[in-house]
Amino acid sequence: MNDIGASFVAAEAVPTPLDVASRARLSVIMVVYMTGEALDQSLACVLADPQVDEFIVVDNGSDACEAALLDDVARRHPQMRLVRGQGNVGFARGANLGADAATGDVLIFLNPDAFLQPGCAQVLARAVLDGGPLRLVGGRVLNADRTEQRGARRGEITPMAALLSLSGLTRRSKALRRYEVHWENEAAPAALCPVPTISGAFFAIRRAGYLSLGGFDEGYFLHVEDIDLCWRVREAGGEVMFHPTAEVVHLGHTSRASPLKVELSKGLGLARYFRKRAQGAGEAVTAWLLWPLVVGAAVIRPLLWRLTGRTA
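Quick look at the structure, then. (Residues numbered from 1 in each chain as written. Predicted model: local features only at pLDDT ≥ 70, side-chain atom pairs only at ≥ 80, totals over all residues. Heavy atoms only, no water.)

Attention now goes to the overall build of the protein chain. The helix and strand inventory of the protein chain stands at 12 helices and 11 strands. For the protein chain, with 312 residues in total, the buried portion stands at 52%. For the protein chain, restricting intrachain contacts to residue pairs at least 6 apart in sequence, the fraction spanning at least 24 positions comes to 82%. Roughly 13900 Å² of accessible area belongs to the protein chain as shown, and the carbon and sulfur atoms make up 57% of that amount. (Helix = DSSP H or I, 4+ residues; strand = E, 2+ residues; numbered from the N terminus. Buried < 20%, exposed > 50% of the residue type's maximum accessible area, 1.4 Å probe, protein only. Contact = heavy atoms within 4.5 Å. Areas by Shrake-Rupley, 256 points an atom, 1.4 Å probe, with all protein chains shown as cover.)

Here we take up the packing of aromatic side chains. Summed over the entire model, instances satisfying the criterion amount to eight aromatic pairs. Where Phe 91 meets Phe 216, the ring centres are 5.5 Å apart and the plane angle is 55 degrees; that geometry is what we call tilted. Of this pair, Phe 91 sits in helix α5 (residues 91-101) while Phe 216 is found in the loop between α9 (207-212) and α10 (225-235), placing the two residues 125 residues apart along the sequence. Take Phe 91: its relative accessible area is 16%, and that puts it in the buried class. Ring geometry for Phe 109 and Tyr 210: centres 5.1 Å apart, planes at 40 degrees, overall tilted. Taken as a pair, Phe 109 in strand β4 (residues 106-110) and Tyr 210 in helix α9 lie far apart in primary sequence, 101 residues in all. (Phe/Tyr/Trp six-rings, centres within 6.5 Å; stacked < 30°, edge-to-face > 60°.)

In this section: helix α3 (residues 38-47). Given 3.6 residues to a turn, an α-helix orients residues that are three or four positions apart in the same direction. By the criterion of burial, α3 is predominantly enclosed, with eight of the 10 residues buried. Where α3 is concerned, the buried positions are Ala 38, Leu 39, Gln 41, Ser 42, Leu 43, Cys 45, Val 46 and Leu 47.

It is worth spelling out the pairing of strand β1 (residues 26-32) at this point. β1 sits mainly inside the fold: seven of its seven residues count as buried. Taking every second residue as pointing to the same face, both faces of β1 are buried, with Leu 26, Val 28, Met 30 and Val 32 on one and Ser 27, Ile 29 and Val 31 on the other. Here β1 pairs with β4 via four bridges, running parallel. Residue pairing in the sheet places Val 28 in a bridge with Ile 108 of β4. As paired strands, β1 and strand β2 (residues 54-59) are joined by six bridges and run parallel to one another. In the strand pairing of β2, Ser 27 is matched with Glu 54. With α3 bridging β1 and the parallel β2, this β-α-β connection has right-handed handedness. (Pairing = 2+ DSSP bridges. Right-handed = clockwise from strand over helix to strand, strands pointing away.)

The next thing to look at is the pattern of salt bridges. Enumeration over the complete set of coordinates arrives at 18 salt bridges. One salt bridge connects Glu 54 with Arg 81, and the closest N-O pair in it is separated by 3.0 Å. Placement of the pair is Glu 54 in strand β2 and Arg 81 in strand β3 (residues 80-83), with a sequence separation of 27 residues. Put simply, Asp 228 and Lys 276 hold a salt bridge, and the shortest N to O gap is 2.8 Å. Within this pair, whereas Asp 228 is found in helix α10, its partner Lys 276 is found in helix α11 (residues 259-277), the two being separated by 48 residues in sequence. (Salt bridge = Lys/Arg side-chain N within 4 Å of Asp/Glu carboxyl O.)

Let us now look at the pairing of β2. Burial runs high along β2: six of the six residues are buried. Of the two faces of β2, the one carrying Glu 54, Ile 56 and Val 58 and the one carrying Phe 55, Val 57 and Asp 59 are both buried. Taken together, β2, helix α4 (residues 64-76) and β3 constitute a β-α-β crossover, and its handedness is right-handed.

Here the focus is the side chain of Asp 59. Turning to its location among the elements, Asp 59 is positioned in strand β2. Among residues more than four places away in sequence, those in contact with Asp 59 are Val 32, Leu 70, Val 83, Arg 84 and Gln 86.

Once that is clear, we can look at the environment of Leu 169. One can find Leu 169 in helix α8 (residues 169-172). By relative accessible area, which is 38% here, Leu 169 ends up partly exposed. On a C-alpha basis, the gap between Leu 169 and Tyr 179 in space is 9.4 Å, while along the polypeptide they are 10 residues apart. Once residues lying within four places of it in the same chain are set aside, the contact partners of Leu 169 are Leu 164 and Leu 176.

Encoded structure:
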C-alpha cells in the first residue's frame, strides 16, 4: 500500500456471514475521471477483497498517467475490466455503462477516492440480499480521521431543506434544525435501518432492481443522481437503508476538477430534481422560482471556502 491509503484501512475485517459468496456474485463499479493520487490505493483496496468477483472501472477520460496506471492494474488482475471510449459523459451515464457491463447479482458502486474496508462489501451485499427485490443499501462513509462524513445518511431533501442546509442556517438556529438534511452528527444507529437518502459514494443494489429503474437518471451530469435514485426506489415501493458497519474511508476533494464547476453541477442538479418531483402546478411553479436561489447557494460555497481557507 502507498502512503495515502495505508493508514485508512482497518486492521481487521468486519465479521461477515460465510454464505454470501455462494448466494450471489458481487460486482464493484467505479467511475474514474481526473481522480488524482488516491486512485492507486482505491483500486488496490477493491482488488484485495476476495469477495469481489468482478471490478468494472469506467474511465471517463483519464490523463496519460492515470490511463497507464489503469492499464497496468487491469493486466495484472483479470477480474478488473475497463470501459473506455465514451469520453467524459458524467457520473450517471458512466455508472450506467458500468452496470450494463457488469454480470454480478449485486452491484456495489464506489467512488475512486474511497478505500473499501475489509469485509464491508460482503456486509453490504448481505443486507441487499436479505431484503426485497428493490432494496438500496448505503454504507457508512468516513473521513480520513474516521469521523462520519457528511452525506452518507440524509433526510428528505426538499427545496426548503436544501436552501436552509446549504446556507448553514439549520446549524445556527435551533428552530430551523428540523430542516437539516444531514444526519452525520446524530448518534449512529446500532444496526441496519431505513433512511430517506444515502450517498452515491458507496452503496449496493441488486443488478436486476437497478436495471428495472433504468439506473441513474442521465439528465444529471454530476451530483444529485444519488438523491434522485433514492427517491425513485422509494416511489417504486422499494427500501433505502443505511448500514452502520459497512464502511469506506472517503478522502473527497482529490479530483483536479474545479470546485466551482462541481458546486455548479450540484446546484443545477438540485434545481432539476425539485422540478422533476414537483406534484401539481403550485409545486412546479415554486421549483422554477426557487432554482436561482438553489444554484446560487451552491455556487457561493466554494467562493466562501476560498475566502475563509476551508476545503469543504
